[in-house]
Amino acid sequence: MKIKPDSYMFEMIRTELTDVVGDEFVDVKFADKFGHSIDYYWIPEMWHDRGRECPKPDFVVHPSTTQEVARIMKIANQYKIPVVPWGGGSGSQGGALPIYNGIVLDMKRMNKIIKIDKEALTVTAQTGIITKHLEWGCNKVGLSTMHLPASIACSTIGGFLAHRGTGVLSTKYGKIEDMVMSLEVVTPTGEIIRTLPVPRHASGPDLTMLFLGSEGTLGVITEVTLKVHPQPEARKFRAYIFKDFHTAMQAGATLMRSRLGPCAMRLYDETETKTHVSKVFGMNLDKGAYLVFGFDGREKIVDLQMQYAREIMEKQFHGKDLGSKGGEWWWENKYKFFYPGYMFHVPQAFGTLDTVADFSHIENVYWAMKKVVNKEFPDARFIGHFSHWYDWGCMLYARFIFPGDKVPPNAEEAAALYNAVWDKAIRAAIREGGVINEHHGVGLKLGRYVKDLYGTAMPVLESLKAKLDPNGIMNPGKMGLPGCW
Amino acid sequence: MNIDKYEEAMMNCRFCFMCRHLSTIGQVRCTEVDTPRIRAAMLYGLKTGTNSFDDSDFVDALYRQELSACCTHHCVNHYDENGLALAARADVVEAGKAPEQVKKLAAKFAKTIGWSASGKGDIAYFLDETTASDKQVVAAAKKLFAAAKVTPKTITGGTIGKVLKVLGYLPEAKAAAEKFAAFLKAEGVKTLVVSNPAAFDALTKDYPEFGVKLPCKVFCFSGFLNQQKVKFTKKPCELYYLADDFMRNYDGCECPEKLLKTLKADLKPFGTNDEESYCCGEGAIVLDKLNPKLVKALAEYVAARADNPKKDKIVVLSAYTKKCLAKYGKLNVVTMEEVAASCL
């Protein structure tokens, strides 16, 4: 719905919202609304680049308490106004875009660390806190969330919860869903609920997991209790160059199957090693595939883990050892990949075909995607790295990149080209046993594939949505769930 | 347009989030519009016609910026979004769209251009209005000059152009710079010492950009002391040092840290990190006059990060930051001059 700004109804709703949070925290000015019309999704970036207007919210509301969020939800329900929760606005899937206008619930005033429990090793925080600030707060007392993604500087912890985010140490410390103890949630109808205080129990289905990854479609996560960890005595890395991607993948999978428990691992295919890793590190890696891994914890144990891991890399797979320095380069530059100049940028067209699969399928997923992109879109370059490794498989961070001069200047044509790549590549991945996706979420970008992905389970998701959100106001049109036109 | 010189920053910052956590105003106001990304995207919108300076909210956002430059400092490519914002302000002024408050402030400062000198010799100490209004800083500087056995000529007076540049009045800023350079030449100044980091930045960076040549060497106060044979007999008490917008983010000047080392200062880390700006809009020079409510919020943000707000002793480099943190943050703040003088 679009509420006419010069209508008395607009003023009536603004009055009610102002009554909840105060006049200062209901933004209706163009500049403020513009700030919530573009996230990190390529389509709105391109739309803006072409001088086109993106959908804007009617109201940007900044609550400071859970109670305020609940009251806003009740108002929104009364008038059936769409509500889109917004954290840092750095999602790559369009999950926080106000595509039906309405209310954007900017959560960043809810940025307090409520408690750090040094006995249980947990931190409780409001979900609007920028994750870097949460991490800094924990660091101050010698602890860490160990949730250290590249987007730590710009994303709120709520954003990570809503999209099942993951950080560079996921292999040891898990994804965000592995770190959560419990949640406080405001339901779409404005009730405040809290999930059970511990994540391991036998008291029925886990409501915490219901809301994680729900992308604001099932409620607003307002508070979280996360596990935290002492800072490790040592964290050491080592890197290798393998003759090809396949050998490197075998080496990485063998390391995971050994259960030595690395804290992080990355494998870059030959193309990305040559073009990207070389550039970021400022060194010449023109042949082979770069694999880096690390261990952390007690130094003596780390050294022992590293010794066994080296045996796998060197004796079994004949990797060329780049030494600890070759691994430290990666750790020290891990975020550099995401700065302009290193990261892809409009006018290029690019996307991360983020897919996860087990070790039996992941290579097939990679080849299937690569084949379809190379065949169907000869102007695009396909690169990939494997960035989150688990006992059973890993995540493929595949990317396609069109040079700027190969992207149509017309916005509609550019969007059509972009969507066509996704259609071909994602369907190829799903056919090979891949799951979209590992940590960016579904949002607007991938919503059309959710039915394919869920199959006969889709009605379960739709029923949950309908029951929790009877008026369909929570982030409509995302995750393949109904819109509200 | 002036922003054309910063096209690289505009094109790269408009879709980049990597400094979001350092976005001082964005952090305090919890808004998107007050982030480098959205400012750059909005400025790009000028090119495509989706935005215009007719939108007073957009212009207000540009004048709300604290100009700490910590985004530029921490960016791996050092894209100068700060410079972009300053250029945009100049474009706003050229377009005749400056807010009334800005116009009045600029007119007021333009009237202050003019200086007087007292004392003799070719070493001069420039006391800008902000520093001159802090008697403790002035007294400490005097004591330190005496300890260094230097009797400087003291120059006082109005703006040397910085505030005009920051408000977007570039021709007026350049004219002030030319006049100040001529004044220094007429006074025979060979060495100029300044306490205010903003003045240091103006003299060492803005003036060369304006093509204005100075007849003298310019030292920040710490840099000057580092060159003198001053005997410090006492160690300062335990201190929290807040890095300065100008000296760290703009100029990369390490003189203050070097002096603290000489003083054998026992420094404790302030807050949770050393990346954010805690200078209350020092880079924007007159943010306290343009937007006192915002400066109060900035100071409170800093105060909330102090280990013990009532007891902690915090050292800063500018009288502006000292004033804001003491007034609004109720913190115990001293400048580097005061710390050094207490060690004599």
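Residues numbered from 1 in each chain as written. Chains lettered and ligands numbered in written order. Predicted model: local features only at pLDDT ≥ 70, side-chain atom pairs only at ≥ 80, totals over all residues.

J.: Explain the overall build of chain B to me, please; I cannot follow it from the model alone.
T.: Helix and strand counts for chain B come out as 19 helices and nine strands. The C-alpha atoms of chain B give a radius of gyration of 20 Å, which matches the 20 Å a tight globule of 344 residues would have. Projected onto its principal axes, the C-alpha positions of chain B cover 60 × 50 × 35 Å. Across the 344 residues that make up chain B, the buried fraction comes to 56%. Residue pairs at least 24 apart in sequence account for 78% of intrachain contacts in chain B once pairs closer than 6 positions are excluded. (Helix = DSSP H or I, 4+ residues; strand = E, 2+ residues; numbered from the N terminus. Rg over C-alpha atoms; globule rule 2.2 N^0.38 Å. Buried ≥ 20, exposed ≤ 12 C-beta atoms within 10 Å, placed from the backbone. Contact = placed C-beta atoms within 7 Å.)

J.: Even after reading the chapter, I still don't get the interface of chain A and chain B, so can you show me in this structure?
T.: Accessible area lost on assembly of the parts is the figure often given for the size of an interface. Each partner contributes to the interface: chain A provides 37 residues, whereas chain B provides 28 residues. Sorting the residues of the side of chain A that touches chain B by element identifies α2 (30–34), α3 (42–49) and α5 (131–139) of chain A as the ones contributing at least two each. By residue number, the principal contributor to the side of chain A that touches chain B is α5(A), which donates five residues. Residues belonging to the side of chain A that touches chain B are distributed by class as follows: 13 nonpolar, 14 polar and ten charged. (Nonpolar A, V, L, I, M, F, W, Y, C, P; charged D, E, K, R; others polar.)

J.: Where do I start with the packing of helix α3 (residues 36–48) of chain B against helix α6 (residues 81–94) of chain B in this structure?
T.: Each pair of packed helices gets described by two things: the angle between the helix axes and the distance between those axes. Residue and element names in this part refer to chain B. Interaxial distance between α3 and α6 falls to 11 Å at its minimum, and their mutual angle equals 45°. Of the possible angle classes, the one that applies to α3 and α6 is oblique. At the point where α3 passes α6, the crossing takes the left-handed sense. In this structure, α3 contributes P36, R39, A40 and L43 to the contact, and α6 contributes E81, L84, A85 and A88. In the contact of α3 with α6, the residues fall into six nonpolar, no polar and two charged. (Axes fitted to C-alpha atoms, helices over the stretch in contact; angles between N-to-C directions. Parallel < 35°, antiparallel > 145°, perpendicular 65-115°, else oblique. Left-handed = near helix turned anticlockwise from the far one by under 90°.)

J.: Explain the pairing of strand β4 (residues 191–194) of chain B to me, please; I cannot follow it from the model alone.
T.: Side-chain positions along a regular strand alternate between the two faces of the sheet. Residues and elements named next belong to chain B. Relative to β4, strand β2 (residues 123–127) runs parallel, the two sharing four bridges. Considered in β4, the bridge of I123 is made with T191. Looking at chain direction, β4 and strand β5 (residues 217–220) are connected through four bridges and run parallel. Each residue of the ladder has a partner; that of V193, found in β5, is F219. You can see the chain leave β4, run along helix α12 (residues 197–210) and come back into β5, and the turn it takes is right-handed. (Pairing = 2+ DSSP bridges. Right-handed = clockwise from strand over helix to strand, strands pointing away.)

J.: Sorry if this is basic, but what is going on with the domain arrangement of chain B here?
T.: All names here are of chain B. Looking at the assigned domains, one finds that chain B contains domain 1 (2–98), domain 2 (110–227) and domain 3 (239–342). Each of domain 1 and domain 2 has a C-alpha centre, and the two are 29 Å apart. Across the contact, seven residues belong to domain 1 and five residues belong to domain 2. Each residue belonging to the side of domain 1 that touches domain 2 can be placed in one class, and the counts come to six nonpolar, no polar and one charged. (Domains from an automatic or database assignment.)

J.: How should I be thinking about the sheet that holds strand β13 (residues 264–268) of chain A in this particular structure?
T.: Hydrogen bonds along the backbone pair up the strands of a sheet, which may run parallel or antiparallel. Residue and element names in this part refer to chain A. Read from one edge of the open sheet, seven strands run β15-β12-β14-β13-β17-β18-β16, paired in antiparallel fashion. Looking at strand neighbours, the two that pair on one side only are β15 (320–322) and β16 (349–358), the edges of this open sheet. Here the average twist between neighbouring strands, direction ignored, is 20°. Against the sheet, helix α10 (residues 245–257) makes contact with β12 (234–242), β13, β14 (289–297) and β17 (381–389), and its axis sits at roughly 15° relative to β14, the strand it touches most.

J.: Quick question: what am I supposed to make of the environment of L144(B) here?
T.: All names here are of chain B. Here L144 shows up in helix α9 (residues 135–147). Classification of L144 as buried rests on a count of 24 C-beta atoms within 10 Å. Sequence separation between L144 and S342 is 198 residues; the distance between their C-alpha atoms is 9.5 Å. With residues up to four places along the chain from it excluded, the contact list for L144 reads L225, V230, E337, A340 and A341.

J.: Explain the environment of H48(A) here, please?
T.: Note on placement: H48(A) falls in helix α3. H48(A) sits in the buried class, given 24 other C-beta atoms within 10 Å. Measuring from C-alpha to C-alpha, the distance between H48(A) and S90(A) comes to 16 Å, with 42 residues separating the pair along the chain. Discounting residues that sit within four places of it in the chain, H48(A) has contacts with I38(A), C54(A) and A41(B).

J.: Explanation requested: helix α1 (residues 8–21) of chain A in the structure shown.
T.: Along an α-helix, a turn takes 3.6 residues, which lines up residues three or four apart on a common side. Compared with the 20 Å implied by 1.5 Å per residue over 14 residues, the 20 Å span of α1(A) between its first and last C-alpha is a close match. Downstream of α1(A) by one or two residues, G22(A) has phi in the positive range, about 100°. (Expected span 1.5 Å × (residues − 1).)

J.: I tried to follow helix α4 (residues 56–64) of chain B on my own but got confused; where do I start?
T.: The set of residues buried in α4(B) consists of F58(B), V59(B), A61(B), L62(B) and Y63(B). Summarising the contacts, the buried residues of α4(B) are in contact with α2 of chain A together with α3, α6, α7 (100–110) and α16 (287–290) of chain B.

J.: Is there a simple way to explain the domain arrangement of chain A in this structure?
T.: Residue and element names in this part refer to chain A. Along its sequence, chain A is organised into domain 1 (8–108), domain 2 (110–230), domain 3 (234–338) and domain 4 (349–445). Of note, the centres of domain 1 and domain 2, computed from C-alpha atoms alone, are 23 Å apart. Counting from both sides, the interface comprises 18 residues of domain 1 and, opposite them, 24 residues of domain 2. If you list the elements that add at least two residues to the side of domain 1 that touches domain 2, you get α4 (66–79) and β3 (83–86). If you tally residues by element for the side of domain 1 that touches domain 2, the top one is α4, at six residues. Tallied by class, residues from the side of domain 1 that touches domain 2 come to eight nonpolar, eight polar and two charged.

J.: Is there a simple way to explain the sheet that holds β4(B) in this structure?
T.: All names here are of chain B. If you walk across this open sheet you meet the five strands as β1-β3-β2-β4-β5, and the pairing is mixed. What marks the edges here is a single partner per strand, and that holds for β1 (115–118) and β5. For this sheet the average axis-to-axis angle between neighbouring strands, irrespective of direction, equals 25°. Here β1 runs beside strand β3 (residues 153–157); their pairing, made up of four bridges, is antiparallel. In the sheet register, S118 faces β3, and the bridge partner there is T154.

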